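# Summary of the model geometry
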Amino acid sequence: MVCQECGVRPATLHFTKIVNGEKTEFHICESCAREKGELIPGTSGGFSIHSLLSGLLDLEGAGKGKTAAASTAQSVRCEECGMTYGQFSKLGRFGCSSCYKYFDKGLDPLFKRVHGSTAHVGKVPKRAGAKIQFRRQIDELKGQLQQAIEQEEFEKAAEFRDQIRKLEKEIAQE
C-alpha cells in the first residue's frame with residue numbers, strides 16, 4: 001500500500017483515529033507521519049516504527065537483570081548476511097531468510113509477547129485447512145483423554161482414544 005499523503009513511499013503506519021465518535025483511517029509513510037506530527041504515546045522525538053519494534057523486543061531494558069539466554073541471543077550473528085540480533089532490533093527487519101534460523105531462540109519470546117502465542121490460533125480456510133482442523137481436534141481430544149485418565153474414567157478415556165485413532169486415520173488417508 002502506498003502512502004496516502006505523498007503517494008510515493010510505501011505506507012508503514014496504519015492507524016485509526018477516533019475523534020468525537022468520527023473514525024478516520026490513515027495509511028502513511030514514516031516521513032509523512034513526522035511531518036504531520038503523529039506520535040505514538042511514550043515515544044520521544046517522534047514516530048518510528050523501528051523504535052516501536054525495539055520496545056517490543058525490550059532491548060533498552062534488557063541490560064538490567066539480563067539472563068544468560070537473553071545475552072546469548074543478543075550476540076548471535078547470521079552467518080549468511082552478517083546481521084546481529086541487535087541490528088535486527090534497530091532495523092526492524094531481517095537481512096536474509098537465514099536470519100530466521102540463526103535468531104530462532106530470540107524470536108519465540110518476541111512472538112509470545114506480541115501475539116500471545118507461538119502457534120497460529122486464528123481462522124483456518126475451509127478448503128485448505130482440513131488437516132489443521134483434524135490436528136486441533138486431536139489435540140483437544142488428547143487433553144480430554146489425559147483428564148479422563150487422571151479422573152480414572154476409563155470408559156470415557158477409551159472413547160477419546162478411539163476418536164483420536166479415527167481422526168489420525170482420516171489424516172493419513174489424505
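Residue positions are given per chain, counting from 1 as you read along its sequence in written order. Where totals are concerned, whole chains, interfaces and linings use all residues; where local detail is concerned, this predicted model gives features only for residues with pLDDT of at least 70, and gives and counts side-chain atom pairs only at 80 or more. Hydrogens and water are ignored here; the side-chain numbers use all heavy atoms of the structure.

### Brief notes about the overall build of the protein chain
Threshold: Every helix listed is a DSSP run of H or I at least four residues long, and every strand listed is a run of E at least two residues long, numbered separately from the N terminus. Each residue's exposure class comes from its accessible area (1.4 Å probe, protein chains only) as a fraction of the maximum for that residue type: buried when under 20%, exposed when over 50%, partly exposed otherwise. For this analysis, residues touch if any pair of their heavy atoms sits within 4.5 Å. In short, Shrake-Rupley with a 1.4 Å probe defines the accessible areas, and a residue's cover is counted only from the protein chains shown.
Looking only at helices and strands, one finds eight helices and two strands in the protein chain. Expressed as a percentage of its 174 residues, the buried residues of the protein chain come to 27%. Of the contacts formed within the protein chain by residues at least 6 apart in sequence, a portion of 32% connects residues at least 24 apart. Total accessible area on the protein chain is roughly 12600 Å²; 51% of this is exposed by carbon and sulfur atoms.

### Considering unusual backbone geometry
At Glu 152, a residue that is not glycine, the phi angle is positive and equals roughly 60 degrees. Its location among the elements puts Glu 152 in the loop between α7 (130-150) and α8 (154-173). Under the relative-accessibility criterion, Glu 152 is labelled exposed at 60%.

### Describing the UniProt feature "domain: UVR" (unreviewed entry) in the protein chain
Keep this limit in mind: UniProt positions are given in the numbering used here, feature names are shortened, and annotations may be inferred rather than shown by experiment.
UniProt feature "domain: UVR" (unreviewed entry): in the numbering of this structure it lies at residues 135-170. Span residues 135-170 is 92% helix and 0% strand, its end C-alpha atoms 11 Å apart.

### Side note on the packing of aromatic side chains
What characterises a pair of aromatic rings is the spacing of the ring centres plus the angle enclosed by the ring planes. The condition is simple: Within 6.5 Å between ring centres, the rings of Phe, Tyr and Trp (the latter by its six-membered ring) count as paired, and their orientation is classed by plane angle as stacked under 30 degrees, edge-to-face over 60, tilted in between.
Following the criterion strictly, the structure yields three aromatic pairs and no others. On the basis of an interplanar angle of 75 degrees and a centroid distance of 5.6 Å, the ring pair of Tyr 85 and Phe 103 is categorised as edge-to-face. In this pair, Tyr 85 sits in helix α4 (residues 85-91) while Phe 103 sits in the loop between α5 (99-102) and α6 (104-115), placing the two residues 18 residues apart along the sequence. Across this residue pair, the class does not change: Tyr 85 and Phe 103 are buried. Ring geometry for Phe 94 against Tyr 100: centres 4.5 Å apart, planes inclined by 70 degrees, an arrangement best described as edge-to-face.

### Brief notes about the confidence of the model for the protein chain
Test applied: The quantity called pLDDT is the predictor's confidence in a given residue, expressed from 0 to 100.
Of the residues in the protein chain, 76% reach a pLDDT of 70 or more, and the chain-wide mean stands at 76. The secondary-structure element of the protein chain with the lowest mean pLDDT is helix α3 (residues 68-75), recorded at 55, while α8 shows the highest, at 90. Contacts of residues 59-69 to residues separated by more than four positions or lying in other chains number eight contacts, the stretch itself having pLDDT below 50.

### Describing the pattern of salt bridges
Oppositely charged side chains may form a pair once their charged atoms are brought near each other. Selection criterion: When a carboxyl oxygen of Asp or Glu lies within 4 Å of a side-chain nitrogen of Lys or Arg, that pair is called a salt bridge.
A complete count under the given rule lists three salt bridges for this structure. Note that Lys 156 is salt-bridged to Glu 153, the shortest N-O span being 3.7 Å. Two residues, Arg 161 and Asp 162, come together in a salt bridge whose shortest N-O distance is 3.1 Å. Classification of Asp 162 as partly exposed rests on a relative accessible area of 39%.

### Concerning the pairing of strand β2 (residues 22-28)
Put simply, the rule reads: DSSP calls a pair of strands paired once it identifies at least 2 bridges connecting them.
Both strand β1 (residues 13-19) and β2 contribute to a ladder of seven bridges, which runs antiparallel. Paired with His 14 across the two strands is His 27, which belongs to β2. Hairpin geometry of β1 and β2 is characterised by an intervening segment of two residues between the two adjacent antiparallel strands and by a positive phi of about 50 degrees at Asn 20.

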